[in-house]
Every structure is written in structure tokens, then in C-alpha cells.
Amino acid sequence: MRSPRTLEVWKLGTVNYLKSLKLQDKLVSERKANLIPDTLLSLQHPPTYTLGKRRTDHNLLIPEAELTKIGAELHYTQRGGDITFHGPRQAILYPIVSLRSIGIGARNYVEALERSMIEFASVYGVKARAGHKGETGVWVGDRKMGAIGVRISSGITCHGLAFNIDPDLNYFEHIVPCGIADKEVTSLRRETDTLLPSDEVIHQQLVSCFANVFSYDDVVWKEDSTVILDTQEDNE
Amino acid sequence: ISSLLGEDKTQSKKEKKMALRMWASSTANALKLSSHVSKSHLSPAFSISRCFSSVLEGLKYANSHEWVKHEGSVATIGITDHAQGHLGEVVFVELPEENGSVSKEKNFGAVESVKATSEILSPISGEVIEVNKKLTESPGLINSSPYEDGWMIKVKPSNPAELETLMGPKEYT
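Residues numbered from 1 in each chain as written. Chains lettered and ligands numbered in written order. Predicted model: local features only at pLDDT ≥ 70, side-chain atom pairs only at ≥ 80, totals over all residues. Heavy atoms only, no water.

> How would you summarise the nonpolar core if you had to cite specific residues and measurements?
All names here are of chain A. Ranked by size, the top nonpolar core spans 65 residues in total, and within it Phe 163, Leu 188 and Phe 214 carry the most contacts. A total of eight residues in this core trace back to one element, the largest contributor, which is helix α4 (residues 106-123). Not counting the four nearest positions on each side in its chain, Phe 163 is found in contact with Gln 90, Ala 91, Met 117, Phe 120, Met 145, Gly 146, Leu 188 and Leu 206. (Core = buried A, V, L, I, M, F, W, Y, C linked by side-chain atoms within 4.5 Å. Buried < 20%, exposed > 50% of the residue type's maximum accessible area, 1.4 Å probe, protein only. Helix = DSSP H or I, 4+ residues; strand = E, 2+ residues; numbered from the N terminus. Contact = heavy atoms within 4.5 Å.)

Encoded structure:
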């Protein structure tokens, strides 16, 4: 009999991007050392553009100097994927999990992230699908609703997925989202007539779909974000 | 590349294995079996067997799915057929600088596939004497020719004893 698998979920509210990177780095080390179980961060970011390892900044269509005017930050990261936007009303999940323990590789992991979002969308009657080759993510027709960008080091994942609940889609006008020029970005709000519950409920449902797809036996929810975030040294 | 399938050694030994021997790199791709299974739930004990991925004779292997070919004072390093299959199509490769150094079981580069960057670990320590520049333009060589044209770096081993700690083809399978 295998031992039960637990997922610890941290509900963090809105978190500054750099702060979330530092937290993930810390958790990845702890997960690698087996000090913590598989952990998932559930949060949103203030308006932030991010680039992946390939540094495809040609897909940022406005000068960097203009970003502060529109109230956004820009960050370069080590994740896979192209340029994207994160902001209020977009659900972010950062799973810090050991792929070794699950017994899967990068491709299967990413496909499972896609399935999590697809399963979640179906709760609201939205028929989403995984991306075609080279277009990893979650789509409704030719409109992108969920994005993925992952980093795997020593078998531990970080970064993760971003699902558009009802973010201000105008922010996407300033980039070629995910490097794909001719496709729209959409949101759950646009794709369903169903009245949406609060973001907190939506995050909870999305996390439950993730836990379901990844076959966790137990999900432990943690709140109290002030304690979690303040345990980091700010001048690290 | 430790992101891959790291089922433990004991688990993989229990799996029924079939080692396919390949001589030419071009046929490695032909026998690659996609291990993608469409199931809506991942079973946690689901261990993807190394069946049907090619494993070459004459190479040494690391548990993190890199291979080493030791010829004289040069060791060539790449990732295995099993590894590339579990990554998906490689779209970007990050390699170290020539004249840099690598350390056993430490990260020396990364590959990107399906929006995931996966670190690659060096099986041995040494000095990087050459990197495969073709991978910049053609990262897919890692998928189509993991043991030949998809080689990643050539290293002058600083501690040849490390080679003895690696697995042979039978153990890796």
C-alpha cells in the first residue's frame, strides 16, 4: 500500500511578483530536502509582465519605461514559456511538487496542469481544450484562457499556471501574449453567462480540480498569509 | 535531467524491461514510444517504464537520465532517449560557456519544452571543452538524435573515478 499523498495549499491573496519568486525558491529547496510535502501557492499578482528563460522581450510592445505609467512591473524569470501578463482577477497557482514522487516528467506534468484548468472551466459550462503543438495552455476555440510556464529543478516544480477569471484584458494589448500574434486572450467571465462567485471561491475550486487531477489523498489549506510571507527576510 | 520520470531504482527494477539496442542514432527516434497516456487522473504510483526507449551500448548513464561517452580524455554528455521522450519537443537549449567547469550532479544547463524549463545535471566533473552549437538553431536534435547529433557538451573529466559510479546500459534500463 502506498502512503497517502498530501497537498498543502497556501492561500496568499495578492502577492508582489518578486516576493512570490523568493518564496518559491525557499519552498523548492525545502521540498528537495523533503522538509515539506507537495505545496501549492494560490494567489494573484498586481499588474506584472513576465518573461521566460528565452528572454523574448521583442514581444513587449511598449517601451519598458512606459510600464510604470500603466502601473505595471516587468520581471525576467527562469521559467519556460514566452511573455505574459499577470494581474488582479487572474488566478495563479504555483505548485511546488516533486515530479519524482508522482512518477511523471515535464510533458505529463504540463498536460496535467492543462487538464486541471479544463476540468475547472467545465464547472462553469465552458468547453476548454488543451493547446495544439507549440501552443501549450488552455483555449476556448482560438482564444486563450489559461497560460502555463514552469521551471523544474532537481525534479521539483515551480512557477505554474495562470487562469483568467476576469482580469483587465487591455493589459494584454501591450504584448504579443505567449509569442502568439494572431490569437485572442479571453477570460472565464467572457466565456460563460453563469454568475461567477467570489475569486476566493474560484481559487478554491481551481485548486480542488488540481488536487483531483493529481490524485492527492488529502488537501490541507493554510491561510494567515502575513505569517507565511513575513517569515522571509526582506533583505535576502 | 532529474525532472524526468524519477521513479526510484527499486521501482524500475520491478518493471518488466525490454532493452532495445540501437546502433545508429537515426533509428532511435523510430522506436520511440510516446508514454503519454490520456487519463484524467494521474495514479501516483504510475511509473512509466523505460521500455521501448533506446539505450545504447558503450555509454554510461546517470539516474537523472544523462549519458556519458568516454573516449580517451574526452567525455561527451547528452540526455537519453527516455529523457527526450518525457520532455516533449525541445524548443530551446541553454548550455554553459566553453572553458567553464561542470560538477557531478550539479546543474550545467537547461532545456525548454512544452513551456517547461528543465535543468540538466552533469554526470561527472570537469572542464567544458566544447558545446554543441548546432543546438542553438536546431534544439530538436535532442529529440531526433539524443545520442548522436543531439550531444550537449564535451568535458575533460577532472575525476575519472566518477565514471565508475555511473550505470551501464543494463542497469539504466
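> Kindly report on the UniProt feature "site: Lowers pKa of active site Cys" (unreviewed entry) in chain A, identifying the contributing residues and their values.
When the UniProt feature table is mapped to this numbering, "site: Lowers pKa of active site Cys" (unreviewed entry) covers Lys 144 of chain A. Along the chain, Lys 144 of chain A falls in strand β9 (residues 143-153). Owing to a relative accessible area of 7%, Lys 144 of chain A belongs among the buried residues under this scheme. Beyond its immediate sequence surroundings of up to four residues, Lys 144 of chain A is in contact with Thr 136, Gly 137, Val 138, Trp 139, Asn 164, Cys 178, Glu 184, Val 185 and Thr 186 of chain A together with Lys 115 of chain B. A distance of 3.3 Å separates a polar side-chain atom of Lys 144 of chain A from the backbone oxygen of Thr 136 of chain A. (UniProt positions renumbered as here; feature names shortened; annotations may be inferred. Polar contact = N/O pair within 3.5 Å; in protein donor to acceptor, adjacent residues only side chain to side chain.)

> Go over the UniProt feature "active site" (unreviewed entry) in chain A, please, and point to the residues and values.
Per the UniProt record, the feature "active site" (unreviewed entry) sits at Cys 178 of chain A. When residues no more than four places from it in sequence are discounted, the contact partners of Cys 178 of chain A are Asp 82, Ile 83 and Lys 144 of chain A together with Lys 115 of chain B.

> An account of the pairing of strand β10 (residues 156-164) of chain A is needed here, citing residue identities and associated values.
Residues and elements named next belong to chain A. Among the nine residues that make up β10, nine are buried, leaving the element largely enclosed by the rest of the structure. Direction of pairing for strand β6 (residues 90-96) relative to β10: antiparallel, over a ladder of four bridges. Directly across from Gln 90, in β10, lies its bridge partner Asn 164. Two elements, β9 and β10, share eight bridges in a ladder whose sense is antiparallel. Residue Arg 151 lies in a different strand from β10, and its bridge partner there is Cys 158. Linking β9 back to β10 in an antiparallel pair, the connection comprises two residues, with Ser 154 at a positive phi of about 50°. (Pairing = 2+ DSSP bridges.)

> Summarise the confidence of the model for chain B; cite the residues concerned and give the values.
All names here are of chain B. On average, residues of chain B score 80 in pLDDT, and 70% of them are at 70 or above. For chain B, the element scoring lowest by mean pLDDT is helix α2 (residues 25-30), at 42; helix α5 (residues 141-144) scores highest, at 98. Within the model, pLDDT remains below 50 along residues 6-40, and this stretch shows 63 contacts once partners closer than five positions in the same chain are excluded. The low-confidence segment residues 43-49 (pLDDT under 50) makes 27 contacts with residues lying over four places distant or belonging to another chain. Scoring of the predicted complex yields 0.85 for pTM and 0.90 for ipTM. (pLDDT = per-residue confidence, 0-100.)

> Hey, could you go over the pattern of salt bridges for me, with residue numbers and the actual values?
Opposite charge on two side chains makes pairing possible when the charged atoms of those side chains draw close. Taken as a whole and judged by the stated rule, the model has 17 salt bridges over all chains. Across the pair Lys 69 of chain A and Glu 66 of chain A runs a salt bridge whose closest N-O atoms are separated by 3.2 Å. Among the salt bridges present, the one from Arg 151 of chain A reaches Glu 119 of chain B, with a minimum N-O distance of 3.3 Å. Residue Arg 151 of chain A is located in strand β9, and its partner Glu 119 of chain B is located in strand β7 (residues 116-121); the two belong to separate chains. (Salt bridge = Lys/Arg side-chain N within 4 Å of Asp/Glu carboxyl O.)

> Just give me the short version of the packing of α4 of chain A against helix α6 (residues 199-213) of chain A, but keep the residues and values in it.
Residue and element names in this part refer to chain A. For the pair α4 and α6, the least separation of the axes is 8 Å and the interaxial angle reads 130°. With respect to α6, the element α4 is oriented oblique. In the crossing of α4 with α6, the sense of the turn from one axis to the other is right-handed. Here Ala 112, Leu 113, Arg 115, Ser 116, Met 117, Glu 119 and Phe 120 of α4 lie close against α6, whose contacting residues are Ile 202, Gln 205, Leu 206, Cys 209, Phe 210, Asn 212 and Val 213. Each residue belonging to the contact of α4 with α6 can be placed in one class, and the counts come to nine nonpolar, three polar and two charged. (Axes fitted to C-alpha atoms, helices over the stretch in contact; angles between N-to-C directions. Parallel < 35°, antiparallel > 145°, perpendicular 65-115°, else oblique. Left-handed = near helix turned anticlockwise from the far one by under 90°. Nonpolar A, V, L, I, M, F, W, Y, C, P; charged D, E, K, R; others polar.)

> Run through the environment of Tyr 147 of chain B, naming residues and quoting values.
All names here are of chain B. Topologically, Tyr 147 is positioned in the loop between α5 and β9 (153-157). Once residues within four sequence positions are removed from consideration, Tyr 147 is found in contact with Ser 54, Val 55, Leu 56, Leu 59, Tyr 61, Trp 67, Thr 80 and Asp 81. Within polar-contact distance, the side chain of Tyr 147 engages the backbone oxygen of Ser 54 at 2.6 Å. From its side chain, Tyr 147 meets the backbone nitrogen of Asp 81 in a polar contact 3.2 Å long.

> Tell me about the UniProt feature "modified residue: N6-lipoyllysine" (unreviewed entry) in chain B, and please be specific about residues and values.
Mapped onto the present numbering, the UniProt feature "modified residue: N6-lipoyllysine" (unreviewed entry) falls on Lys 115 of chain B. Mapping Lys 115 of chain B onto the fold places it in the loop between β6 (107-113) and β7. Among residues more than four places away in sequence, those in contact with Lys 115 of chain B are Gly 80, Gly 81, Thr 136, Lys 144, Ile 148, Gly 149, Val 150 and Cys 178 of chain A. Polar side-chain contacts of Lys 115 of chain B include one of 3.5 Å to the backbone oxygen of Thr 136 of chain A.

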